[in-house]
Amino acid sequence: MEAINFLLNGEETAYDGSAADRLLDVLRDSFRMTSVKCGCKEGECGACSVLMNGILVNSCCVAMGAAEGANIVTLEGFRKTERFAVLNKAFAATSAVQCGFCIPGMVMAAEALLSKIPNPKDSQIREGLSGNLCRCTGYNAIVNAIHIAAKEGNGLW
Amino acid sequence: MENISQPVVKKDHEAKMAGRSVYVGDYENDGVLVGKMLRSKLARARLSDVNIPPLPNGYFYVDKSDVPGDNHVNIVMDDTPVYARETVEYIGEPIGMVVGPEEAVVDRILGEIQVSYEELEPVLDLGNADTVFFDYEYGKGNMEKAFAEADKIYEEEFTTGYQDQTYLETQGMMAEPEENGTMFIHGSLQCAYYVHGAVMRVLGCGPDQVHIKQDVTGGGFGGKEAFPSILGCQVAVAAKKAGAPVRCIFDRREDLEFTSKRHPSLCKYKVAVKNGKVTAMDIDVKFNSGAYTTLSAVVLQRGIICSNGIYNIENLHVRGRALKTNTTPNGAYRGFGAPQTFFAVEMMMDHIAMDLGIDSLEFKEKHIVKQGDSTSTSGKYHFPVPIPSMIEEIDQECDYRRKRREYAKPQTGRYRRGIGISMHFHGAGFTGSGERDIIKAVCKLHKYPDGTVEILASNGEIGQGLRTTFPKIVARELNLPLDKVYYDHPDTARVPDSGPTVASRSLMVVGELLRRCAIKLRTQWKDGEDQMVEERFKEPDFVIPFYLDKFQGDAYPTYAWGVNALEVEVDTYTGLTKILGAYGNFDVGTPIDYNIVMGQMEGGFLQGIGYASTEYMDYDQKGRIRNNSFSDYLIPTSADVTNLSCMLHVEKYPDGPYGAKGAGELPLVGVPAAYVEAVEQALGHGVKLNRAPFTAEDTMKVIMKEGL
């Protein structure tokens, strides 16, 4: 079988393993993208969220075969952006990070949401994050952080 | 806002935000063996034979015969085996572990192992349980007289179900044999010294031959209090046998089915009422321990001590039992026995009020304890009880009393509304004399020649903010910028035992020790020198000694207080309950960091709402947990409760740092009663609800039965 080729955080990448392997495992084990967390491995918790062609996906539910030709962005790539810097500041301001395990997925969900709706209403934020479970915060601090980011990052999204 | 309460950027923010923090699953795989459990398929059986297939090179099977020391895990008692003894006592009990380089091969080997059992009849239900692990009894006053003179006697039973901690990072531990012969164990855990004590005994080695480090930990909530001691022992034995690092990380289903949860409970109340006031309570509390004792003794103690709620009940008799069933052993979860009994007592008071034809809050208000009153255990409420003002603040925030009256009127139509309120406390620190007699916390400050100060303590950052709040306290006393003071995850090789990360104690007890350490260092400070100072726990002078054999004295030096109001709308066609408003007013003393404390309050409050409403978990007829994934164990999402609002009422505690009290557990404890009372009011027609969680299915059953 030929290698599976895809863009990982902007770089041409080839994967030699099986097309049936999970994107989550490949990102973590083969490419050491350990920001991508495994919380359930069945698409329920969102801890492994990454962007695939700009769309938020649970990487545990993506087979490598489906990643052929795709543009995959993890937090390792996204954290170099200006948008991340704005989100970073906003999450810090509301102390939205507690145990931190859901955070990489949450940040990718925030990016996906703001890319689609640059100035979201409260209900749109809550809907946008509803696939990402957080057990620590009660979500208020995260929702507030995204409001702040939307305002401060005016024009970035 | 006081200076110490001003929020700062959390010290662990940057690394976690950028995904750079290293959790136990994030270490390189090179040379690390994967460990997976061979688990019992039966709830109770004698193990006849375990047939292991020929193992490929580099693969090992590990079981009780490989334990160099005792096959007992030190928790409170030591009945939990590292690996199963001659019998298995619950479905999922670890019989052994298969370790090796490739996960797929480990899985294949596990599939090929044949276990022969001699099946025994399990005891699954609390109602049928006959093995009593712990049995406590205490009381005060004259019960006979109070019941004889009562105008009316009320009796009712209340049940609460499991709750799973559902930290986002599942349980995971790793053991690494070191070159000098020591064993290094690290992972996701709350109590490094608990693991240390347990592993020492299991490896049969001295305290210097093993050290434990907490990795960045993805949530605990009590779930990583005792459980990592068990898993830590299991990986340590495996690493010893393999002579190589072994890592075991649970998958989510394994974690939901086989790790400790909140104890399901059955509480019976018999209450005497005279002249519209409660004069006596006779309370019988039963907790389902599961198959081993783990932390049940101490969970039960806390549960029964608060079983009369925040009410001054002169005549009181309480019996509490923790019983064995052949199910997953239960353990610590935020609140630690208190959520169960607070639910029962609050609903009991509500139901008596309903019968007397007065509002539940008015009835409860007649009984609230005041400063100077006697506690359930004949100790004393030494400090002001702020509940009456907190009720008024909640009322102002959500217009509670008006809504309560309005929703009490007969309702018809598909959607019906209700509002409920509950009040509670949480005693911070170990129950009774535990801090003084068992924990004896020690902590240190290490000042380096360059003027930076390192905090040496054993409490783990698990999201609650200790890596930030501890340094805030020390920096303030030393008048240093916050970046000059730091606190790393503890390694028992480097830090003294300041006790476990439990019981809402870290900030209040250890935080105060650190404040004293900082004052000491300030007075001895010498520029350019390497200095170390130490402080040890000292019980405050005012505490009335607690005697566990009699359940008498101050069970806690002080209390954090909480008032919750929940406003709901029940859809009588579907049974679904929408939360219109969730209001919490919490007194945890001075917040050491406003944002951090609010994060604790909001997070705990939402966990409480989950416990009250959707987090249903049960086992099947064989004793196997059925709700083992996020699709059938439903924790709240961001879209479920959109209007959760918390406020702080500050009643300072003179023996906590700057007036701080314990905070972590408080916001969960009282929620179920407020929620269920709200649903009860929405359903109306005098229905009395007595179980939590109260799910949509439960609501539908009431609607069908009562023809609402």
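Each value, and the rule that gives it
- Residues numbered from 1 in each chain as written.
- Chains lettered and ligands numbered in written order.
- Predicted model: local features only at pLDDT ≥ 70, side-chain atom pairs only at ≥ 80, totals over all residues.
- Helix = DSSP H or I, 4+ residues; strand = E, 2+ residues; numbered from the N terminus.
- Rg over C-alpha atoms; globule rule 2.2 N^0.38 Å.
- Buried ≥ 20, exposed ≤ 12 C-beta atoms within 10 Å, placed from the backbone.
- Contact = placed C-beta atoms within 7 Å.
- Nonpolar A, V, L, I, M, F, W, Y, C, P; charged D, E, K, R; others polar.
- Axes fitted to C-alpha atoms, helices over the stretch in contact; angles between N-to-C directions.
- Parallel < 35°, antiparallel > 145°, perpendicular 65-115°, else oblique.
- Left-handed = near helix turned anticlockwise from the far one by under 90°.
- Pairing = 2+ DSSP bridges.
- Arc of directions from axis to C-beta.
- Domains from an automatic or database assignment.
- Core = buried A, V, L, I, M, F, W, Y, C linked by C-beta atoms within 7 Å.

### Focus: the overall build of chain A
- The helix and strand tally for chain A stands at 7 helices and 5 strands.
- Here chain A has a C-alpha radius of gyration of 15 Å; the compact-globule value for 157 residues is 15 Å, and the two agree.
- Along the first, second and third principal axes, the C-alpha set of chain A runs to 50 × 30 × 25 Å.
- Residues counted as buried form 59% of the 157 residues belonging to chain A.
- Intrachain contacts of chain A at a sequence separation of at least 6 include 64% that bridge at least 24 residues.

### A look at the overall build of chain B
- What chain B contains, in helices and strands, is 18 helices and 24 strands.
- Here the C-alpha atoms of chain B give a radius of gyration of 25 Å, agreeing with the 27 Å that 2.2 N^0.38 yields for 708 residues.
- Overall size of chain B, expressed as C-alpha extent along the three principal axes, is 75 × 70 × 50 Å.
- The burial tally for chain B puts 60% of its 708 residues in the buried class.
- Counting contacts in chain B only where the partners sit at least 6 residues apart, residues at least 24 apart contribute 81% of the total.

### Details of the interface of chain B and chain A
- If you look at the interface, chain B gives 42 residues, while chain A gives 41 residues.
- Listing elements by their share of the side of chain B that touches chain A, those giving two or more residues are α1 (13–17) and α15 (594–613) of chain B.
- For the side of chain B that touches chain A, a count of residues per class yields 16 nonpolar, 18 polar and 8 charged.

### Description of the packing of helix α4 (residues 82–93) of chain A against helix α7 (residues 140–152) of chain A
Residue and element names in this part refer to chain A.
- α7 packs onto α4 with a crossing angle of 140° between their chain directions and a minimal axis gap of 8 Å. One finds that α4 runs oblique with respect to α7. Between α4 and α7 the crossing geometry is right-handed. Mapping the contact onto sequence places Val86, Leu87, Lys89, Ala90, Phe91 and Ala93 in α4 and Ala145, Ile148, Ala149 and Glu152 in α7.
- Its residues assigned to classes, the contact of α4 with α7 shows 8 nonpolar, no polar and 2 charged.

### Some points on the pairing of strand β4 (residues 55–58) of chain A
- As paired elements, strand β3 (residues 49–52) of chain A and β4 of chain A share 4 bridges and run antiparallel to each other. Note that in β4 of chain A the partner of Ser49 of chain A across the bridge is Asn58 of chain A.

### Side note on helix α11 (residues 400–408) of chain B
All names here are of chain B.
- Among all positions of α11, only Tyr400, Lys403, Arg404 and Tyr407 are buried. Taken end-on, α11 shows its buried residues confined to a sector of 105°, consistent with a single buried face. Of the exposed residues in α11, the ones pointing more than 90 degrees away from its buried face are Arg402, Arg405 and Glu406.
- Check the buried side of α11 and you find it contacts α9 (360–365), α10 (387–398), β16 (415–427), β21 (559–571) and α17 (671–683).

### Side note on the domain arrangement of chain B
All names here are of chain B.
- If you check the domain split of chain B, you get domain 1 (28–118 + 188–205 + 213–245), domain 2 (339–430 + 552–706) and domain 3 (434–536).
- Just the C-alpha atoms count here: the centres of domain 2 and domain 3 sit 34 Å apart.
- Counting residues at the interface gives 18 residues for domain 2, matched by 19 residues for domain 3.

### Things to note about the nonpolar core
- One finds Val99, Val199, Val235, Ala236, Val474 and Leu514 of chain B to be the most contacted residues of the largest nonpolar core, which totals 279 residues.
- The contact partners of Val235 of chain B, leaving out residues within four places of it in the chain, are Gly35, Met173, Met174, Ala175, Ile185, Val246 and Cys248 of chain B.

### Observations regarding the domain arrangement of chain A
Residues and elements named next belong to chain A.
- Assigned domains within chain A: domain 1 (4–75) and domain 2 (81–152).
- Counting residues at the interface gives 15 residues for domain 1 and 13 residues for domain 2.
- Within the residue set of the side of domain 1 that touches domain 2, elements represented by two or more residues are β3 and β4.
- Residues that form the side of domain 1 that touches domain 2 fall into these classes: 9 nonpolar, 5 polar and 1 charged.

### Description of the environment of Arg467 of chain B
Residues and elements named next belong to chain B.
- Here Arg467 shows up in helix α13 (residues 466–478).
- The exposure class assigned to Arg467 is buried, which follows from the 20 C-beta atoms found within 10 Å.
- Residues Arg467 and Asp373 lie 94 residues apart in sequence; the distance between their C-alpha atoms is 37 Å.
- Setting aside residues up to four positions removed in sequence, Arg467 forms contacts with Lys11, Asp12, Glu461 and Tyr487.

### Describing the packing of α15 of chain B against α17 of chain B
All names here are of chain B.
- Across the interface, α15 lies against α17 with an axial gap of 8 Å and an inter-helix angle of 50°. Comparing the axis directions of α15 and α17 gives the class oblique. In this structure, the crossing between α15 and α17 has a hand that is right-handed. Judged by residue contacts, Phe605, Gly608, Ile609, Tyr611, Ala612 and Ser613 of α15 engage Val671, Pro672, Tyr675 and Val676 from α17.
- Across the contact of α15 with α17, the residue classes tally to 8 nonpolar, 2 polar and no charged.

### Here's the deal with the sheet that holds strand β23 (residues 644–648) of chain B
All names here are of chain B.
- A sheet is described by the order of its strands in space; here 4 strands give the open sequence β16-β21-β22-β23, paired in mixed fashion. Single-partner strands in this sheet number two, and they are β16 and β23. Averaged over all pairs of adjacent strands, the angle between strand axes in this sheet comes to 10°, irrespective of strand direction.
- Taken together, the 5 bridges between strand β22 (residues 577–587) and β23 define a ladder with parallel strand orientation. Following the sheet pairing, Gly584 is matched in β23 by Cys646.
- Against the sheet, α10 contacts β16, β21, β22 and β23, and its axis sits at roughly 30° relative to β21.

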